[in-house]
Amino acid sequence: MADAKQITVTIDGIKVQVPNNTYVWDACRQIGIEIPNFCYIPGLRAFGACRMCVVEISGRKGWELVTSCSTPATEGMEVRTINERVWEQRNMIMEALDTDHPVDCPICEANGDCRLQDYGYEYGVVGTDNRRPKIVRPAERLSPAIDLDRDRCVVCGRCVRECDEVVGAVALAFVERGVETLIDAPFGKSLLETPCTSCGMCVEVCPVGALSSRINLKMEHHWWQRKTETTCTYCSVGCTIKLGSTRNQVYEVRSDDALGVNDGVTCVKGRFAMDFINSNNRLGTPLIRRDGQLVRSTWDEALDLVASKLNASKGAVGVVASPKITNEENYLLQKVTRLGLGTNNIDYDGRATEAPALKVLGEMLGYPAMTNNLLDTRQKAGCVLHIGDSIYETHPVYGNQLQRMIRLMDKKLVVISPRWLKMCEWATLWLAPHAGTEETLVNGIARVILDAGLVNQEYLDSRTANSADYLNSLRALSFSLTEVSRKTGVPMRDIVAGAYLYATGGTDNGPNDLPQPTHPSNLPVSRNGSKAADNEANVLNQIKSYQPRKPDNGFPPSTVIFPAEGPYTLTAKAVVALTNMALTTGNIGRAGAGVNPLVSDSNCLGANDMGCQPGYFPGYRPVNADNAREMEELWIADPDRVAPEVPADPGLDLLHMIEAAELRGIKAMWIVGSNPVLSAEEPDSNRVREALKKLDFLVVQDIFLNETAELADVVLPAASFAEKEGTYTSTERRVQRVRQAIQPVGATHTDLAIIAGVGERLGMALPAVSPKDVLDEIAKVVPLYGGMSFSRLDMTEFVEDAIPMPAAVSYKQLKVKSLMWPCIDRLDPGTPVLYKEKFATPSGKAQMVSTKALQSETTERMEANIGAEGTLMATLGFPLFPFRTGTLSRQSYALSRVEPDPRLHINSKDAAKLGIVDQTPVQVTIEGIEGDPVYAISLVYDRVLEGRAFLAITLEQTGTNRAVREARYALMNAYGDGAKAVPIWVRPAPNMSNTPMRELQPVATANVLNPSIQP
Ligand code: SF4
Ligand code: SF4
Ligand code: SF4
Ligand code: FES
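A brief structural summary. (Residues numbered from 1 in each chain as written. Chains lettered and ligands numbered in written order. Predicted model: local features only at pLDDT ≥ 70, side-chain atom pairs only at ≥ 80, totals over all residues. Heavy atoms only, no water.)

**Side note on the site of ligand 3**
We apply this condition: The rule for a residue being near a molecule or strand is that one of its heavy atoms must lie within 4 Å of it. Residues are grouped as follows: Ala, Val, Leu, Ile, Met, Phe, Trp, Tyr, Cys and Pro are nonpolar; Asp, Glu, Lys and Arg are charged; all remaining types, including Gly, are polar.
Close to ligand 3 lie Cys-232, Tyr-234, Cys-235, Gly-238, Cys-239, Thr-266, Cys-267, Gly-270, Pro-396 and Val-397. For the shell around ligand 3, the residue count by class is 7 nonpolar, 3 polar and no charged.

**Section: the nonpolar core**
The test is simple: Only buried residues count toward a nonpolar core. Its members are Ala, Val, Leu, Ile, Met, Phe, Trp, Tyr and Cys residues joined through side-chain atoms within 4.5 Å. Three exposure classes are used, based on accessible area relative to the maximum for each residue type with a 1.4 Å probe and protein chains only: buried under 20%, partly exposed in between, and exposed over 50%. Strands here are runs of E lasting at least two residues and helices are runs of H or I lasting at least four, both read from the DSSP assignment and numbered beginning at the N terminus. Here a residue-residue contact requires only that any non-hydrogen atoms of the pair lie within 4.5 Å.
Membership of the largest hydrophobic core comes to 159 residues, with the highest contact counts inside it found for Leu-211, Trp-670 and Phe-721. It is helix α7 (residues 299-312) that contributes the most residues to this core, 6 residues altogether. Apart from the residues lying within four places of it in its own chain, the contact partners of Trp-670 are Leu-310, Gly-318, Val-319, Val-320, Leu-333, Val-336, Leu-341, Val-699, Gln-701, Ile-755 and Val-758. One finds Cys-383, Ile-495, Ala-499 and Phe-839 within the second-largest nonpolar core, a separate group that totals 64 residues.

**Quick notes on the site of ligand 2**
Taken together, 13 residues are adjacent to ligand 2, and Cys-153, Cys-156, Gly-157, Cys-159 and Cys-206 come closest. Of the residues contributing to the shell around ligand 2, the split by class is 11 nonpolar, 1 polar and 1 charged.

**So, the sheet that holds strand β30 (residues 734-738)**
Definition in use: Note on pairing: DSSP must find at least two bridges between two strands before they are called paired. To obtain an axis, a line is fitted to C-alpha atoms, over the contacting stretch when the element is a helix, and the angle between two such axes runs from 0 to 180 degrees between their N-to-C directions.
Strand order in the open sheet formed by 3 strands is β29-β30-β33, with antiparallel pairing between adjacent strands. Only two strands of the sheet have a single neighbouring strand rather than two, namely β29 (726-729) and β33 (819-820). By the bridge criterion, 2 bridges tie β30 to β33 in an arrangement that is antiparallel. For Val-735, the partnering residue across the bridge sits in β33 and is Leu-819. Packing of helix α8 (residues 327-340) onto the sheet brings it into contact with β29 and β30, and relative to β29 it is tilted by some 90°.

**A look at the packing of aromatic side chains**
Cut-off, in case you're wondering: For Phe, Tyr and Trp, rings pair up if their centres lie within 6.5 Å, where Trp contributes its six-membered ring, and each pair is then called stacked (planes under 30 degrees apart), edge-to-face (over 60) or tilted (otherwise). In this scheme, Lys NZ or Arg CZ marks a charge over a ring once it lies within 6 Å of the ring centre and within 35 degrees of the ring normal.
By the definition in use, this model includes 14 aromatic pairs. Ring centres 5.8 Å apart and planes at 45° place the aromatic pair Trp-87 and Tyr-123 in the tilted group. Here Trp-87 is found in helix α2 (residues 84-98), whereas its partner Tyr-123 is found in the loop between α3 (115-122) and β6 (140-141), with 36 residues between them in sequence. Classification of Trp-87 as partly exposed rests on a relative accessible area of 34%. Judged by relative accessible area, which is 1%, Tyr-123 ranks as buried. An aromatic cluster is built from Tyr-367, Tyr-616, Tyr-620, Trp-821, Tyr-835 and Phe-839, whose rings are joined through pairwise contacts. The lysine or arginine in question, Arg-733, covers the ring of Trp-821, its NZ or CZ lying 5.8 Å from the ring centre.

**Things to note about the pattern of salt bridges**
Note that side chains of opposite charge can pair when their charged atoms are close. Keep this limit in mind: Salt bridges are identified by distance alone: a Lys or Arg side-chain nitrogen within 4 Å of an Asp or Glu carboxyl oxygen.
The final tally for this structure, using the stated rule, is 47 salt bridges. The shortest N-O distance in the salt bridge between Lys-817 and Glu-229 comes to 3.2 Å. Here Lys-817, found in the loop between β32 (808-816) and β33, pairs with Glu-229, found in strand β11 (residues 226-231); they are 588 residues apart in sequence, far enough to count as distant. Arg-687 is the partner of Glu-662 in a salt bridge, and the nearest nitrogen-oxygen pair spans 2.8 Å. One end of the pair, Glu-662, is in helix α22 (residues 654-662); the other, Arg-687, is in helix α24 (residues 685-693), with 25 residues separating them in the sequence. Classification of Arg-687 as partly exposed rests on a relative accessible area of 27%. By sharing partners, the salt bridges in this structure join Asp-113, Glu-204, Lys-227, Glu-252, Arg-254 and Arg-271 into a single network.

Below is the structure:
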């Protein structure tokens, strides 16, 4: 909080400046003094339970003993962090804890990483005469991932508070009272029966060995493990994690408070789903198909064969890059594709579904990426508009951070989604349009902003083009409140409240005389707007006679956040509407504002940046644009070039490569780190299989023998992210290092080495093949990355994070090692917020787009079906636990156990009518799909609106189960048409009803990787 009043405190004779009311503990940490503590976690509300953090401060009555974790610092305060009096106090506390703590350190998971051990040593407590026997309780398995040994618990409450305040799950609680106080899942449940997300943060923050993980294999003492700071390989938040390894095994994943943009928080995937690294199922050696069987070969043999076969098919080769490999690897792959094989047929898995949102931003604003960054949106936005699928599931750590800031800083959250999302728990307003009508709703909100006089005309005049046409188009009858409410199903008063909240940065929700919107937590019933008794003329009169009070420094910023990819994806037109609305209120180009689509995988954005798409060279130069030739010139001067010329026309995307393979237009494919048999944007996985079988040659490069690799002529075993150096670019344009923790396992090679091996065999010189040298080459070729280098990316930047607490401030400086593009040269600090001065369009102005009424077949169909006997309107989404095709997450012991089945979310009244009991198997039939129904587990609760349903399925299931896969395509239009809902019929599954959920066999093909983690 850079603008908070700064004060000066003197700590052990050293002066330090911190924001007023900073906790003394946090102020001490600013100068490197870490006060002992059990119960405090920076960023959480003070608890003051253990008193270990005692210090002396100068008070009115002389030096006073206080707990530093709950005492706010004031101007001129003096602090003594250690002297005899303080030491004695801490020694007494340690003696008290030592009376009944079991001394079983040699067999404790926390041995070597335990505060009780550390402080016992520091304060000379080595066994007390007053020892009393501990009540001996057996260790308990709280969930497949988490164990609890109650005897070791020091009742610091860190786990309970972390779970509540940081994660927002509230899955743990204190039980019993007095000396019997314990932590547990409420009512003795398993954590699986609570909102626990299995994130493991309770284990991470436990200062002793009470909570531990079955997944992190602490078979090696902590002090033996080398800790490697790297970037998580799952989603695109870009969390910094620390891999603990010895003897070439990764044993555990840890995180540090204040480390990385994630501030030491991880989700279940980042912490517990890394067991794929040392899986016994990893590919170990190259394989070549002989007599129909894949048999082991040498690297030279395999690479020679790959190069000669690809060379033989030149002109008819397709290459699939990966959102999981590094920027350097993707860059080299597209270079070998273009310069070595002479084709633009390169794409990556998953690009098609998120491309429309990014393309809209590119065309209207200049860059195809989110405009702001995650830190500033959570710190500075006054109003957050979360639209589309649930970021709490798709980008968990950002969802965690956002809910925390919304609760602590009283930000306003508006959720737009046909289904209740976890984030609705903290929302001021939930708008639940029919799926497919989001564009109409956003335009309706923009129309209210216009009618209410909340347009930022000065901004429109100075920074945008085409604004008058856009505003005129909003005045169409189809965007009247009556029409928008009828089409979307959202009550007029809620549309009005959404408009005011967004346009005023969360300071005002509209005329007080209007019926106020209902808080999401009080929404047990249908909110079908067409039945609402609002009168448009009255509402408009009130809007026109109402003026919200504008703060002296203007309204706070508002931001828009949405997942760019998934089964429930916004249409490109909805993204246009959101961008228009943001421009109309001046909410682009300022910190805390913006339009922010979150891409899915760890390096989706990097794959785009590196030119792994058929129409663009690295740095988004269209292959057919004049300036693309500049890059060609750079490459022509390069001895790497062996292909005669790179075609000036865009190549084929992944789906069209598959179609071309069917027709023999593509004869060879090189697929890296992808599994298109499960994931290609084609409903029929058999069609993909058959197309790939028609190829003359298929080479797959991956870390597992996935469904696509099973069809290959050559399989090249690749190293995982833990075995390589490089960079990832997170969804917020943040380039961060990937660092090597262990050597490539078995005979695997890094993707970079494999790609270079193929390129060299194609005759390319490839002077730059080390990760560092390739990044240096990228810096020369891609202006957005001009200032990037390994040495700069290894430097720590301290980012202030000040969080207001009740009557105090929690203040820390996040340690972040990254640069955000555009970063033009070595002096450029990077660009956390785009378009502060001008847009990156040729004119420097944002291009607004006129809108017109949505003639939605979806709406008509939906209206026709609402209330039809036995019919529910369903949308589809991915759950939290699995990840994309499951190549990695299927290998995870934890993920395959916590939520392996598809889930059908359904309202209790609908469930009663259909005879469906909570948590039992149901059979779902989808309109227009013949054949087997989809089997799912029911989740019955009232926050699903009557008449609607939500089917949570995994991408892996969409690939392996024909019915699920077809359902996905029935529920979602690929290629930018976005989400819709379709009628479904649900009934109890015959012969399976009332079977407790836990007794069902997982449908996921989970592998238990290491026998030592069997429960
Ligand atoms: S794993 Fe995460 S969500 Fe579950 S109890 Fe622990 S902190 Fe809470
Ligand atoms: S389990 Fe650990 S974190 Fe939770 S109260 Fe006990 S000691 Fe503290
Ligand atoms: S939020 Fe994303 S990047 Fe962070 S730990 Fe989870 S999967 Fe990894
Ligand atoms: S850390 Fe301050 S009272 Fe526990």
